[in-house]
Protein chains: 4
Amino acid sequence: MIRVTIWNEFYKPNDGKPAELSVYPNGIHGAIADFLTENDSEITVTTRTMHDKEFGFDNETLENTDVLLYWSHIVQDAIPDEIVERVQRYALSGMGLIVLHSGHASKLFRRLMGTNTNRLRWHEDALPCRIWKIDYAHPIAEGLDDYFELAHEETYGEHFDIPQPDDLVFVSWFPSGEVFRSGCTWHRGLGRVFYFQPGHETLESYYDKNVQKVICNAVRWAYRPNVGSYSYVTDETKAIVM
Amino acid sequence: MIRVTIWNEFYKPNDGKPAELSVYPNGIHGAIADFLTENDSEITVTTRTMHDKEFGFDNETLENTDVLLYWSHIVQDAIPDEIVERVQRYALSGMGLIVLHSGHASKLFRRLMGTNTNRLRWHEDALPCRIWKIDYAHPIAEGLDDYFELAHEETYGEHFDIPQPDDLVFVSWFPSGEVFRSGCTWHRGLGRVFYFQPGHETLESYYDKNVQKVICNAVRWAYRPNVGSYSYVTDETKAIVM
Amino acid sequence: MIRVTIWNEFYKPNDGKPAELSVYPNGIHGAIADFLTENDSEITVTTRTMHDKEFGFDNETLENTDVLLYWSHIVQDAIPDEIVERVQRYALSGMGLIVLHSGHASKLFRRLMGTNTNRLRWHEDALPCRIWKIDYAHPIAEGLDDYFELAHEETYGEHFDIPQPDDLVFVSWFPSGEVFRSGCTWHRGLGRVFYFQPGHETLESYYDKNVQKVICNAVRWAYRPNVGSYSYVTDETKAIVM
Amino acid sequence: MIRVTIWNEFYKPNDGKPAELSVYPNGIHGAIADFLTENDSEITVTTRTMHDKEFGFDNETLENTDVLLYWSHIVQDAIPDEIVERVQRYALSGMGLIVLHSGHASKLFRRLMGTNTNRLRWHEDALPCRIWKIDYAHPIAEGLDDYFELAHEETYGEHFDIPQPDDLVFVSWFPSGEVFRSGCTWHRGLGRVFYFQPGHETLESYYDKNVQKVICNAVRWAYRPNVGSYSYVTDETKAIVM
């Protein structure tokens, strides 16, 4: 079984009602959990939010995660550095990581990329979005047409301050004139990272069949059960690990 | 001095009048020659067309070329294989190569890339085109704003069947819904190759200041005067070179 | 099932005895077929040599191939261009391709890469070879230690005139002072290409468990059953396909 | 003029004598300063060490740096996070960065790469090192032979835990059986980063003509005077910049 953990900040404003509830009654994590288990019988799902122990990133959770899906928006900087570094350590040790939508601005993603990944153009007016397949030989693009469309998405545009992706899988087009590298992969340490753009909290993207297919493909791609470990790590180098 | 050769097929239909003459009275090669020499005092320009000796690719011309600009459209397949292979050999030996617009479909570019680079979406309706800078650290993008626009261009769209670029410098946006990897670089052998999308023959793109700046930057980037040679080439390996 | 075709030139000199027979009684193709079917129960194998119809690359064979393994040495240039182009067309259409050892100098590999891939340093003195894992997150490297050794291999050394690999999976070390990018991947069109260095015809590399594991991993990696096709191919672009 | 700042930790143990003094009487920074100014008349050099104000990374110094050379070994973790982040910010804003030898383990390099770049094999026995040119079209490799040798270097070996380089310029060979990606480039934000392996403090590598040529080439490559800035940075995105 592939043990997927879906982490969603699930931020509760003063009224205690996460903005996403009107669209996703069980939260974004609940919606993603539903389609993952429906589409791939070898996946088991755990969900975590910022309200769980250690912001949801306790060691036991991470130890039992093959692939982590990460959605965040508001609380990027609330998560303490030592917890961010812990998740980074797991990712570098072979846990797959899929960063969704506004998760691009998270400390975790910035740490793994080394750049100001929070930087990009954006405006929220629920315009359509057309997602083009760029890398036709990539497993994450499998089973998709040349492009697919979302009726409403937040607009994201270049320049997106990321390292050159190892593979550029998708590029998005927006009617207001933007383009965006919307599906990008990187190998980092023993692990694999995928960033995917759609998923604004008040829009219905996670109900879209193509978005679901991409995320299902990405889980399979990021899953590396036999990735092994660094056999050359001596005590000395261990001592100076981040 | 940087010795630039601009090759333009300059195809003459039955009436003997290349389609580009209404926009470029001295041909596309003439227009490019003008802005290159105006903008970079270390550049000297030679122009060649399909009407010259050996389709313009005689050995003497290539021997005296540091950077070749290549524009073609109609006559892709008229150039004999042995001449295409000769140009390829010079490119692999360190001659810079800048492939412009419909040159993507040339035998030369297909040979250097190994894929069906002729494959892309296109329609000719002179819509606007917005060219986004993607790689902010790339010398070819130097001095440009986040994006620039052309009032009228032929629409090119993905999927563009190219190998993953070494550097993706630009991505274009078109109002009809396409995106396109419009500025791409590759190292091949000792040489450097840049592909740049704008430049339909009946539109004014080569008069645009930003297009001109990109091409000027690209000439500098592709120019490798001290690139040396392969010291390890033995007689035997020489014998089986393409 | 994954339909693998193993193509080995199986060149017969004047005495009718391929050099490899002393080490591989059923030919290199026979040895590879044995370990593939032993190690992966979902693989079915067909073998072809230059002595088969159309050099072993008839349309029916290719039509029924998911992944092609390609070993050649002597007859690189004997295969007619139109047959090479046919195999290239299948590779670009999604058939996986694994190029082995001296297959680097084949017309097919040169065509797909666009460079003089025949160029590299080499000497035949059956020295040891140590193959280092470089990309720890790559599926082709799965299950291997930090490095493995072959007691005897032909020495291959840089400069190897290939395009920058999409992923650099292995680098080899040789006691005589050479290094070599020995495991490289590229996406080309809809297909995936892997080059792997070991496999001199008079040495026992294909009996090595690690070499076998790499090739088994590579078959899985190159296999893309749902890769689809180019939906945008119009008659016109079809007409100018290579 | 290209304003180069050479930063060398210049760590002073209890006896107050940096280990490097026996080989480099003016420190590693002094030796590098000498050959840079000798070889490139457009370079002006400033040197800084950990003993200078704010560990040598005060704002004024960075503000006046086009390209930073960074050598460190012992004090990696002594530099406070906020200073490391400041240097990172300058690098991402277009200051060229050349990381030398044991600087691979610095917090700065780890931050910019996102991985445990301190991880690699190493042993100090002053064996020879042979550095192979891999990317023949790269400006940093210009003017070099196929390989060059250093009589004595510290041995570095894979696995080196770095993101896949944008360009792999050199790979080193060591007689004890290691290979190492010894010259690597990355674009990060507006800036360019180069890592180069030679330079153990008690060995003479910085006197080697080829090492000097590589570093001179790298300064030119990393220098981006017209790199501009991010015009899209709004107050909001500024607020969440690292």
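Residues numbered from 1 in each chain as written. Chains lettered and ligands numbered in written order. Predicted model: local features only at pLDDT ≥ 70, side-chain atom pairs only at ≥ 80, totals over all residues.

Looking at this structure, how should I read the overall build of chain A?
Check the secondary structure of chain A and you find six helices and nine strands. Taking 2.2 N^0.38 as the reference for a compact globule, 242 residues should give roughly 18 Å; the C-alpha atoms of chain A span a radius of gyration of 17 Å, in line with that estimate. Dimensions of chain A along its principal axes, counting C-alpha atoms only, are 55 × 45 × 35 Å. Residues counted as buried form 58% of the 242 residues belonging to chain A. Sequence separation of at least 24 residues holds for 69% of the intrachain contacts in chain A that already meet a minimum separation of 6. (Helix = DSSP H or I, 4+ residues; strand = E, 2+ residues; numbered from the N terminus. Rg over C-alpha atoms; globule rule 2.2 N^0.38 Å. Buried ≥ 20, exposed ≤ 12 C-beta atoms within 10 Å, placed from the backbone. Contact = placed C-beta atoms within 7 Å.)

How should I be thinking about the interface of chain D and chain C in this particular structure?
On the side of chain C, 14 residues touch chain D, which itself brings 14 residues to the contact. Secondary-structure elements contributing two or more residues to the side of chain D that touches chain C are strand 5 (121-133) and strand 7 (167-173) of chain D. In terms of residue class, the side of chain D that touches chain C is built from seven nonpolar, two polar and five charged. (Nonpolar A, V, L, I, M, F, W, Y, C, P; charged D, E, K, R; others polar.)

Any chance you could explain the relation of the copies chain D and chain C here in plain terms?
Put simply, the second copy of the chain is the first one after a rotation about an axis and a shift along it. With an RMSD of 0.0 Å, the fit of chain D onto chain C corresponds to turning through 180° and sliding 0.0 Å along the axis. When the rotation and shift are considered jointly, the pair of chain copies conforms to a two-fold rotation axis. Comparing interface residues between copies, 100% of those in chain D also sit at the interface in chain C, which points to an isologous, same-surface contact. (Least-squares fit on C-alpha atoms with pLDDT ≥ 70 in both.)

Please explain the packing of helix 1 (residues 27-39) of chain D against helix 5 (residues 209-222) of chain D as it appears in this structure.
When two helices pack together, their arrangement is captured by the angle between the axes and the distance separating the axes. All names here are of chain D. Between helix 1 and helix 5, the shortest axis-to-axis distance is 10 Å and the interhelical angle comes to 70°. Judged on the interaxial angle alone, helix 5 and helix 1 are roughly perpendicular. In the crossing of helix 1 with helix 5, the sense of the turn from one axis to the other is right-handed. On helix 5, the residues touching I32, F35, L36 and N39 of helix 1 are Q212, I215, C216 and V219. For the contact of helix 1 with helix 5, a count of residues per class yields six nonpolar, two polar and no charged. (Axes fitted to C-alpha atoms, helices over the stretch in contact; angles between N-to-C directions. Parallel < 35°, antiparallel > 145°, perpendicular 65-115°, else oblique. Left-handed = near helix turned anticlockwise from the far one by under 90°.)

In this structure, what is going on with the sheet that holds strand 5 of chain D? I would like to understand it.
Strands pair in a sheet through their backbones, by hydrogen bonds, and they do so in one of two ways: parallel or antiparallel. Residue and element names in this part refer to chain D. Read across the open sheet, the nine strands follow the order 2-1-3-4-9-8-7-5-6; overall the sheet is mixed. Edge positions in the sheet fall to strand 2 (43-49) and strand 6 (147-157), since each has one partner strand and no second. Strand after strand, the sheet turns through a mean of 25° between neighbouring axes, direction not considered. Strands in contact with helix 1 are strand 1 (2-8), strand 2 and strand 3 (67-71); relative to strand 2, the strand with the most contacts, it is inclined by about 180°. Against the sheet, helix 3 (residues 81-92) touches strand 4 (96-100), strand 8 (179-188) and strand 9 (191-196), its axis set at about 115° to strand 9. (Pairing = 2+ DSSP bridges.)

Help me out: how do you make sense of the pairing of strand 5 (residues 121-133) of chain C in this one?
Each regular strand carries side chains that alternate between the two faces of the sheet. All names here are of chain C. Across eight bridges, strand 5 lies against strand 6 (residues 147-157) in antiparallel orientation. By the bridge assignment, R130 is partnered in strand 6 with E149. Note that strand 5 and strand 7 (residues 167-173) share four bridges and pair antiparallel. Note that in strand 7 the partner of R130 across the bridge is W173.

Help me understand unusual backbone geometry in this model?
Peptide bonds are, in most cases, trans, and in most cases residues other than glycine have a negative phi. With omega at 10°, the peptide bond leading from E158 of chain A into H159 of chain A counts as cis. Structurally, H159 of chain A is set in the loop between strand 6 (147-157) and strand 7 (167-173). Positive phi, close to 55°, is recorded for A126 of chain C, a residue that is not glycine. Within the fold, A126 of chain C resides in strand 5. Phi at F55 of chain D is positive, roughly 60°, even though this residue is not glycine. Using a count of 19 C-beta atoms within 10 Å as the deciding quantity, one classes F55 of chain D as partly exposed.

How should the pairing of strand 7 of chain D be read in this particular structure?
Residue and element names in this part refer to chain D. Counting buried positions along strand 7 yields seven of seven residues, so the element is predominantly enclosed. Sheet analysis places strand 7 next to strand 8, joined by five bridges and oriented antiparallel. Pairing of S172 across the sheet is with F180, part of strand 8. Here strand 7 folds back onto strand 8, and the loop between the two strands holds five residues, one of which, G177, carries a positive phi near 110°.

Just to check I follow, could you spell out the sheet that holds strand 8 (residues 179-188) of chain A for this structure?
Residues and elements named next belong to chain A. The nine strands are arranged 2-1-3-4-9-8-7-5-6 in an open sheet whose pairing can be described as mixed. Across the chains shown, the open sheet's two edge strands, defined by having one partner strand only, are strand 2 (43-49) and strand 6. Each strand of the sheet is rotated relative to its neighbour by a mean of 25°, with strand direction disregarded. Across six bridges, the pairing between strand 8 and strand 9 (residues 191-196) is antiparallel.

Would you explain helix 5 (residues 209-222) of chain C in this entry?
One turn of the α-helix equals 3.6 residues, which is why residues spaced by three or four share an orientation. Look at helix 5 of chain C: 20 Å from first C-alpha to last across 14 residues, which is about the 20 Å you get at 1.5 Å a residue. Every buried residue belonging to helix 5 of chain C is among V211, V214, I215, N217, A218, V219, W221 and A222 of chain C, and all of these are buried. (Expected span 1.5 Å × (residues − 1).)

How do you make sense of the confidence of the model for chain A when you look at a structure like this?
Residues shown with low pLDDT carry predicted positions that ought not to be read at fine detail. Residues of chain A with pLDDT of at least 70 account for 94%, and the chain-wide mean is 93. For the stretch residues 233-242 of chain A, pLDDT sits under 50, and the model shows 13 contacts to residues farther than four places along the chain or on other chains. (pLDDT = per-residue confidence, 0-100.)

Can you walk me through the nonpolar core in this structure?
One broad trend across soluble globular proteins is that nonpolar side chains are buried collectively. In this structure, I98 of chain A, I98 of chain B, I98 of chain C together with I98 of chain D are the most contacted members of the largest nonpolar core, which totals 284 residues. For I98 of chain A, the residues in contact, after removing those within four places along its chain, are V67, L69, Y70, F194, F196, I215, A218, V219 and A222 of chain A. (Core = buried A, V, L, I, M, F, W, Y, C linked by C-beta atoms within 7 Å.)

Would you mind showing me how to read the environment of T202 of chain A here?
All names here are of chain A. With respect to the helices and strands, the residue T202 is situated in the loop between strand 9 and helix 5 (209-222). Spatially, the C-alpha atom of T202 lies 13 Å from that of L150, the residues being 52 residues apart in sequence. If near-sequence neighbours (up to four positions away) are discounted, T202 is found in contact with A19, E20, S22 and V23.

Would you take a moment to explain helix 1 (residues 27-39) of chain C for this structure?
The end-to-end C-alpha separation of helix 1 of chain C is 19 Å, in line with the 18 Å expected for 13 residues at 1.5 Å each. For helix 1 of chain C, the complete set of buried residues consists of G27, I28, H29, A31, I32, A33 and L36 of chain C.

Looking at this structure, I do not really get the environment of T44 of chain A. What am I missing?
Residue and element names in this part refer to chain A. Positionally, T44 belongs in strand 2. With 16 C-beta atoms counted inside 10 Å, the residue T44 sits in the partly exposed group. If near-sequence neighbours (up to four positions away) are discounted, T44 is found in contact with M1, R3 and V4.

Is there a simple way to explain the environment of R110 of chain B in this structure?
Considering the arrangement of structural elements, one finds R110 of chain B in helix 4 (residues 107-113). C-beta crowding within 10 Å serves as the criterion here: with 24 such atoms nearby, R110 of chain B is assigned to the buried category.

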